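Commentary on secondary and tertiary structure
The primary structure of each chain is shown beneath.
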Amino acid sequence: MRHSLLFTTSCVALISVYLKMSAPSIPLPAGTQWVDQGPLPLVVTEVHRSNGEKKDMFSVGASHMTLLHNVILRGFNSIYLQAPHVKDDDLGDFVQYSLACVLQAHHDDEEAELFPRLAGVVKNPDLMKESLEEHRKSPTTST
């Protein structure tokens, strides 16, 4: 876990410093760009795409997962949009803010909750085996 947190912290710090150095330090006028407008676009949920007609457990589950990932996308967008405006004295706080995007917790929750529940619903314990192995190779893993 400690190695994973150090890796994640280092990545976020490097990205933050890079963005601060590479982007012009121009104040962002209010209303210019919000975190739901990019640079990473949000994903439309399956329920919304179907105008609420798809209400089966898979469409609703996919929509819930989409909403969770949209929270992460908004976090990344906020980091990207704010990085050029962070003062040197605030870099440590900004890195902590960046970590608040909760990638590790989200990642761990998928492995602890989502994958086993999906396997349980279809009564196939090996259903998510390959996905779980691939998921654990992610740089955010605590293993």
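Residues numbered from 1 in each chain as written. Predicted model: local features only at pLDDT ≥ 70, side-chain atom pairs only at ≥ 80, totals over all residues. Heavy atoms only, no water.

**A short note on the overall build of the protein**
- Per the secondary structure count, the protein includes six helices and zero strands.
- The linear arrangement of helices and strands in the protein, starting from the amino end, is α-α-α-α-α-α.
- Buried residues in the protein amount to 28% of all 143 residues.
- In the protein, 71% of the contacts between residues at least 6 apart in sequence involve partners at least 24 apart.
- Accessible surface computed for the protein: about 9,900 Å², of which carbon and sulfur atoms make up 62%. (Helix = DSSP H or I, 4+ residues; strand = E, 2+ residues; numbered from the N terminus. Buried < 20%, exposed > 50% of the residue type's maximum accessible area, 1.4 Å probe, protein only. Contact = heavy atoms within 4.5 Å. Areas by Shrake-Rupley, 256 points an atom, 1.4 Å probe, with all protein chains shown as cover.)

**What about the side chain of S78?**
- With respect to the helices and strands, the residue S78 is situated in helix α3 (residues 57–82).
- At a separation of 2.7 Å, a polar atom in the side chain of S78 contacts the main-chain carbonyl oxygen of G75.
- Setting aside residues up to four positions removed in sequence, S78 forms contacts with V35 and Y97. (Polar contact = N/O pair within 3.5 Å; in protein donor to acceptor, adjacent residues only side chain to side chain.)

**Some points on a negative patch on the surface**
- A surface patch of negative charge is lined by D88, D89, D90 and D93.
- Within the secondary structure, D88 is located in the loop between α3 and α4 (91–99). (Patch = residues over 30% accessible without salt bridge, like charges linked within 9 Å, V, L, I, M, F, W, Y side chains within 5 Å. Salt bridge = Lys/Arg side-chain N within 4 Å of Asp/Glu carboxyl O. Lys, Arg positive; Asp, Glu negative; His and termini not counted. Charge placed at Lys NZ, Arg CZ, Asp CG, Glu CD.)

**Looking at the confidence of the model for the protein**
- Looking at the protein as a whole, the pLDDT averages 74, with 68% of positions reaching at least 70.
- Looking across the protein, the model is least confident in helix α1 (residues 2–22), with a mean pLDDT of 47, and most confident in helix α2 (residues 46–49), with 89.
- In the model, residues 1–7 has pLDDT below 50 throughout and makes eight contacts with residues more than four positions away in sequence or in other chains. (pLDDT = per-residue confidence, 0-100.)

**Thoughts on unusual backbone geometry**
- Not every positive phi belongs to a glycine, and N51 is a case in point at roughly 55°.
- By relative accessible area, which is 69% here, N51 ends up exposed.

**Some points on the side chain of S59**
- With respect to the secondary-structure elements, S59 resides in helix α3.
- Judged by its relative accessible area of 8%, S59 is buried.
- At a separation of 2.9 Å, a polar atom in the side chain of S59 contacts the side chain of D56.
- Discounting residues that sit within four places of it in the chain, S59 has contacts with E46, V47 and K54.

**Notes on the pattern of salt bridges**
- Within this structure, the stated rule accounts for three salt bridges.
- Where E46 meets R49, a salt bridge forms, and the shortest distance between an N and an O atom there is 2.7 Å. Of this pair, E46 and R49 both sit in helix α2, three residues apart, roughly one helical turn.
- Taking the shortest distance from any N to any O, the salt bridge between R136 and E111 comes out at 3.5 Å. Here the residue R136 occupies a position in helix α6 (residues 129–136), and E111 occupies one in helix α5 (residues 103–121), the gap between them amounting to 25 residues.
- Through salt bridges that share partners, E46, R49 and K54 make up one connected network.

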